[in-house]
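# A closer look at the structure
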Amino acid sequence: MVKLYGYPLSTCTRLVALICREKNIPYEYINIDMAKGEHNTPAFTANQPFGQVPYIDDDGFILYESRAIARYLIKKYPNQGTPLIPSDPKSEALFEQAASIEAFNFTTFVTPIVVEKVLQPRLGLQTNEERVSELLGLLQSNLNAYDVILGKQKYLAGDSVTLADLSHLPHGTVFYGAGFHDVFESRPNLARWWKDISNRPAWLAVKDGAF
């Protein structure tokens, strides 16, 4: 059985748990208490040298970085659960295109906004509103393009959901809940897509850190 070493507040841990549930992969969740510094212990860094969560132990095969873990699990279990990476060359190319869209036109901007609006206040630090405004302006332009794409097809890579769509959920959900729901709701095609992916049973099961 896959062992998932993570932390409930970790968005990357949630992505891996999401993929396990979408693919019907049994897994054992092992909590790493980052508040106590367990991620910096020699036992942990022996498997994850950067001291970050998550990593998996799949019968002795150690793998870290959530995107790599997600792809590995999807490809190891192609015939069970949701087929999240196409095998046809053209369909796979469109998936890779969508995955790049998520990484460089969404998460690149959403993550630092979440840091400023959610994490900084938790640490008692002041939000840099000027930086948030700048990042939000760039993101808004990108989401206009999302709305065009999603007006032509159901998901980012076509009419079937893929890892590229689901990868938006961990950071996107925190962003949405930080008062930015209008960013989605003001764009009808984007709003339809977000409602679809954010209500998937696998995501609802893990989104609050209940692994």
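Use the structure listed above.
Here we summarise the structure given alongside this text.

Reading guide: rules and limits
- Residues numbered from 1 in each chain as written.
- Predicted model: local features only at pLDDT ≥ 70, side-chain atom pairs only at ≥ 80, totals over all residues.
- Heavy atoms only, no water.
- Helix = DSSP H or I, 4+ residues; strand = E, 2+ residues; numbered from the N terminus.
- Expected span 1.5 Å × (residues − 1).
- Buried < 20%, exposed > 50% of the residue type's maximum accessible area, 1.4 Å probe, protein only.
- Arc of directions from axis to C-beta.
- Contact = heavy atoms within 4.5 Å.
- Core = buried A, V, L, I, M, F, W, Y, C linked by side-chain atoms within 4.5 Å.
- Bend = angle between axes of the 7 residues up to and from the residue.
- Polar contact = N/O pair within 3.5 Å; in protein donor to acceptor, adjacent residues only side chain to side chain.
- Salt bridge = Lys/Arg side-chain N within 4 Å of Asp/Glu carboxyl O.

Attention now moves to helix 5 (residues 129-150). For helix 5, spanning 22 residues, the distance from its first C-alpha to its last is 30 Å, which sits close to the expected 32 Å at 1.5 Å a residue. Residues of helix 5 that are buried include every one of Val 132, Leu 135, Leu 136, Leu 139, Asn 142, Leu 143, Tyr 146, Asp 147 and Leu 150, and no others. The buried residues of helix 5 all sit within an arc of 160 degrees when viewed along its axis, so they share a single face. For helix 5, exposure combined with an orientation more than 90 degrees from the buried face picks out Glu 130 and Glu 134. Residues of helix 5 that are buried make contact with helix 4 (89-122), helix 7 (169-185) and helix 8 (188-198).

This next bit is on the nonpolar core. One finds Ile 19 and Phe 175 to be the most contacted residues of the largest nonpolar core, which totals 55 residues. No other element matches helix 4, which puts 10 residues into this core. Apart from the residues within four sequence positions on either side, Ile 19 is in contact with Ala 70, Leu 73, Ile 74, Leu 84, Leu 163 and Leu 166. Of all hydrophobic cores here, the second largest spans 6 residues; its members include Tyr 5, Phe 44, Val 53 and Tyr 55.

Let us now look at helix 4. Note that an α-helix has 3.6 residues per turn; residues three or four places apart therefore point the same way. Along its length, helix 4 reaches its greatest deviation from straightness, about 45 degrees, at Thr 107. Its side-chain oxygen placed 3.2 Å from the backbone nitrogen of Lys 90, Asp 88 serves as the N-cap of helix 4. Directly after helix 4, the chain includes Gly 124, whose backbone phi takes a positive value near 80 degrees.

Take the pattern of salt bridges next. Note that side chains of opposite charge can pair when their charged atoms are close. If you walk through the whole model with that rule in mind, you get 7 salt bridges. Of the charged contacts in the structure, one is a salt bridge between Asp 208 and Lys 207, with a shortest N-O distance of 3.5 Å. Exposure remark for Asp 208: the relative accessible area of 61% places this residue in the exposed category.

For residues that are not glycine, phi is negative in most cases, and the peptide bond is trans in most cases. Residue Pro 54 is bonded to the preceding Val 53 through a cis peptide linkage, with omega at 5 degrees. Along the chain, the position of Pro 54 falls in the loop between helix 2 (42-45) and strand 3 (55-58). You will see that Asn 24, though not glycine, has its phi angle at about 55 degrees, which is positive. Here Asn 24 shows up in the loop between helix 1 (11-22) and strand 2 (27-31). What makes Asn 24 exposed here is its relative accessible area of 53%.

Purely spatial values, then, with no claim about function.
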